[in-house]
Amino acid sequence: MGKASRRKREQRARRTANPALPTEPESGGDPRALGDPRALGEKALERLLRTSTPGKLSLAGAYAWGYAALGYAQLEGEGPDWYQEIDPLDALFLGTVWPKWFRDAYEFANTRDAWLRLLRGTVHEKGIHRFVREAVSASEELSLPVDDGTLMLALAGRLEAAGLDQRRVPRRLLPEAALQDCRAAQGPPLDLQFPDPPKKAKARVRRFWEGPQGQSLTDDTPQAVLRSGLQRFQDAGLPVEEESGLLLPALYAALMAKPGELLEDILEHATAWAVSVDEGSTLVPVLDILLSAPALGKSVSETLGHLFAEPAFIEPFPPDTLLWTSSPGLALPRLAFELGIPKVTTSDREVTPDLLDWIGMHTRMYLSSVARNSTVDSESEEADSASEETDERWDERRAAVRDAVQRKIDRKHNNTADKPSRSDHPVERIWNADGSSQVSINVHTPHGQEMVEGLKGQLEAFREKFGREPGPDDPLFFDPDADEPTRLTKEYFDDVLLRMADSASEMGVDPALFHAWREVGYVVTDETRHGFTAAEVIAFQRALARCRQAAE
């Protein structure tokens, strides 16, 4: 594990130490004094645990059990590493399934999202919305991140005061009963029937392999992205025309993977992403074919033939399939933004809508890196006995695909799906397997030299403003009006982009470019395309189209 990853892990361990124990208030005195939110939270937690039992839970009661489960796991040293990523909404879901264990963070997050979707349209959806609002409000009022241990304790009192302990969730809506045949946990049906290939399927498959090299900015269909991914794998020496188990990883690698994602992780990430997609999505039939074909012994050509029978294979990706959601800590911010809340503060960063994709990427890579170096007891990954047989059958299917592909991979000397190479681009971002990265400027290009000169100028501006050299934690790009080195805020950048959009026409530039940049948080051009995933490019192009349409 790299120094940055190790430091981040230690910080997370410190912030959640003894989560069930309130710390002394800064003003001193008895922490249980009337009005202390931590003391109120502790009392509420005790009441909720007394009045709630597994299977007979309110939303507040479920949260109390989830919070207690986190504290118990920490004290016993039995919790998996991904428990460090859990936020209040994750804790609530954990409490609804306690004492069930999850195989991994992917199953936890996918079943969490499936359960939240199940509550849509019920009276409990409003309860979930109230829960999210209370968590964010508590974070703002106490000036603490939503996933801070003290905040999570104080939240218990707020949930009780908000009446979220009054209505029980019926057993039929609790995960144990409602998600018995959940695709998000079990994958596609074992008896999945493939559609018959269309007429002239062989000719379409042949044209698929003969398609254009590379990927344009307008390629936003599974067919185009899969072809691009297979080309990458083929260039890496993988047997893409022989192993149908490489089709799903190739689609995922071209759509969402960063260069630093190890191929062994891509196999796991691809499966987690595929089963995370809402069962109502038009893309599900395509993904189910890719998930099931290897276990059913389908060849690559046969699988492609079946794919061409699904309309979604040649239609644009649905928007909700372009985000990674299969990790803890991602559902609460997403729901908050749907409710109109502009930002959520976590222990790692301030999250805004334009950062959801980046945070999902970073979280999955970080957790995979930690898992490779973890010594967590394997007993924590055992499935609940009630679903053990079904879990084993699905595990066998996944393992068969993974082992067949891994045997091929092990004979190669390539660690990544898309190994970075030296290029003529002025700027390159070098990704590590844990999600961290470094920016490299190519000084041998004209633009690279210009950037170096600009950074030197910014360094001199820092010296002139503050009278010293910047320290390791000082921002090089700082607020010019602040007395101390202060990072430029998103609001500042948004204002800059709006001003640029206002004057864009005078410079002969499309104003929609800046509005789209402001919406998604980045800009994609032909020159910068190499630094983005297909999902990022698709998201930017769609934002650009919306902004152009709005301007008409």
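Keep in mind it's a predicted model, so treat the numbers as computed, not measured.

Chemist: Please clarify how the overall build of the chain should be interpreted in this entry.
Modeler: A count of helices and strands for the chain gives 22 helices and six strands. Buried residues in the chain amount to 48% of all 552 residues. As displayed, the chain has an accessible area near 27400 Å², and 49% of this comes from carbon and sulfur atoms.

Chemist: Would you explain the environment of Ala-156 in this entry?
Modeler: Tracing the backbone shows Ala-156 in helix H7 (residues 149-161). On the basis of relative accessibility, which here comes to 0%, the residue Ala-156 falls in the buried class. Once residues within four sequence positions are removed from consideration, Ala-156 is found in contact with Gly-41, Ala-44, Leu-45, Leu-48 and Tyr-63.

Chemist: How do you make sense of the environment of Asp-36 when you look at a structure like this?
Modeler: Topologically, Asp-36 is positioned in the loop between helix H1 (3-15) and helix H2 (37-51). Taking the C-alpha atoms as reference points, Asp-36 and Ala-154, separated by 118 residues in sequence, lie 8.7 Å from one another.

Chemist: I'm lost on the packing of helix H5 (residues 105-118) against helix H13 (residues 263-276) in this one. Help?
Modeler: Their axes nearest at 10 Å, the elements H5 and H13 cross at an angle of 10°. The angle between H5 and H13 places the two elements in the roughly parallel class. The segment H5 lies against H13, with Tyr-106, Asn-110 and Arg-117 engaging Glu-268, His-269, Ala-272, Val-275 and Ser-276. In terms of residue class, the contact of H5 with H13 is made up of three nonpolar, three polar and two charged.

Chemist: Which parts of the structure should I look at to understand the nonpolar core?
Modeler: Across soluble globular proteins, nonpolar side chains show a tendency to be buried alongside one another. Ranked by size, the top nonpolar core spans 113 residues in total, and within it Tyr-63, Leu-89, Trp-115, Ile-128, Leu-226, Leu-255 and Trp-273 carry the most contacts. Per element, the largest residue contribution to this core is ten residues, and it comes from helix H3 (residues 59-76). With residues up to four places along the chain from it excluded, the contact list for Tyr-63 reads Pro-88, Ala-91, Leu-92, Phe-131, Met-152, Leu-153, Leu-155, Ala-156 and Leu-159. Ranked by size, the runner-up nonpolar core spans twelve residues in total, among them Val-524, Phe-532, Leu-544 and Cys-547.

Chemist: When you look at H13 in this model, what are you seeing that I'm missing?
Modeler: The first and last C-alpha atoms of H13 sit 20 Å apart over 14 residues, in line with the 20 Å expected at 1.5 Å per residue. A large share of H13 lies buried, amounting to twelve of its 14 residues. Taken residue by residue, H13 has Leu-263, Asp-265, Ile-266, Leu-267, His-269, Ala-270, Thr-271, Ala-272, Trp-273, Ala-274, Val-275 and Ser-276 as its buried positions.

Chemist: Could you clarify how one ought to interpret the packing of H3 against helix H4 (residues 88-97) in this entry?
Modeler: Helix-helix packing is described using two parameters, namely the angle between the two axes and the distance between the axes. It is at 6 Å that the axes of H3 and H4 come closest, and there the two elements cross at 95°. Viewed along their axes, H3 and H4 adopt a mutual orientation that is roughly perpendicular. Between H3 and H4, the residues in contact are Leu-59, Ala-62, Tyr-63, Trp-65, Gly-66, Tyr-67, Ala-69 and Leu-70 and Pro-88, Ala-91, Leu-92, Leu-94, Gly-95 and Thr-96, respectively. Considered class by class, the residues forming the contact of H3 with H4 number eleven nonpolar, three polar and no charged.

Chemist: So what exactly am I meant to see when it comes to the pattern of salt bridges here?
Modeler: Per the counting criterion, the structure on display carries 26 salt bridges. A salt bridge links Arg-158 to Glu-141; the nearest nitrogen and oxygen atoms lie 2.8 Å apart. Here Arg-158 is found in helix H7, whereas its partner Glu-141 is found in helix H6 (residues 123-142), with 17 residues between them in sequence. Under the relative-accessibility criterion, Glu-141 is labelled exposed at 56%. When the shortest N-O distance is used, the salt bridge between Arg-463 and Glu-460 registers 3.0 Å. Residue Arg-463 and its partner Glu-460 are located together in helix H19 (residues 446-466), separated by three residues, close to a single helical turn.

Chemist: So what exactly am I meant to see when it comes to the packing of aromatic side chains here?
Modeler: Pairs of aromatic rings are described using the distance from one ring centre to the other and the angle between the two planes. The full count for this structure, using the stated rule, is 20 aromatic pairs. Between the aromatic rings of Tyr-522 and Phe-540, the centroid separation amounts to 6.3 Å while the plane-to-plane angle is 35°, which identifies the pairing as tilted. On the criterion of sequence distance, the pair formed by Tyr-522 in the loop between helix H21 (511-520) and helix H22 (534-551) and Phe-540 in helix H22 is long-range, its members being 18 residues apart. Pair check on accessibility: Tyr-522 and Phe-540 agree, each one buried. One Lys or Arg, Lys-100, reaches over the ring of Phe-102 and ends 5.7 Å from the middle of that ring.

Chemist: Is there a simple way to think about unusual backbone geometry in this case?
Modeler: Comment: phi is negative for the bulk of residues other than glycine, and the bulk of peptide bonds are trans. Of note, the amide linkage connecting Trp-98 to Pro-99 takes the cis form, showing an omega dihedral of 10°. Take Pro-99: it is sitting in the loop between H4 and H5. Positive phi, close to 55°, is recorded for Ser-143, a residue that is not glycine. On the accessibility criterion, Ser-143 (63% relative accessible area) is exposed. In this structure, Lys-200 takes a positive phi of about 60° despite not being glycine. With respect to the helices, strands and loops of the structure, Lys-200 is situated in the loop between helix H9 (183-186) and helix H10 (201-209). Judged by its relative accessible area of 70%, Lys-200 falls in the exposed class.

Chemist: Where do I start with the side chain of Asp-354 in this structure?
Modeler: Counting through the fold element by element, Asp-354 comes out in the loop between strand S4 (350-351) and helix H17 (356-372). Among all residues touching Asp-354, those that are not within four sequence positions of it are Lys-490, Glu-519, Val-520 and Gly-521.

What counts as what
- Residues numbered from 1 in each chain as written.
- Predicted model: local features only at pLDDT ≥ 70, side-chain atom pairs only at ≥ 80, totals over all residues.
- Heavy atoms only, no water.
- Helix = DSSP H or I, 4+ residues; strand = E, 2+ residues; numbered from the N terminus.
- Buried < 20%, exposed > 50% of the residue type's maximum accessible area, 1.4 Å probe, protein only.
- Areas by Shrake-Rupley, 256 points an atom, 1.4 Å probe, with all protein chains shown as cover.
- Contact = heavy atoms within 4.5 Å.
- Axes fitted to C-alpha atoms, helices over the stretch in contact; angles between N-to-C directions.
- Parallel < 35°, antiparallel > 145°, perpendicular 65-115°, else oblique.
- Nonpolar A, V, L, I, M, F, W, Y, C, P; charged D, E, K, R; others polar.
- Core = buried A, V, L, I, M, F, W, Y, C linked by side-chain atoms within 4.5 Å.
- Expected span 1.5 Å × (residues − 1).
- Salt bridge = Lys/Arg side-chain N within 4 Å of Asp/Glu carboxyl O.
- Phe/Tyr/Trp six-rings, centres within 6.5 Å; stacked < 30°, edge-to-face > 60°.
- Lys NZ or Arg CZ within 6 Å of the ring centre and 35° of its normal.

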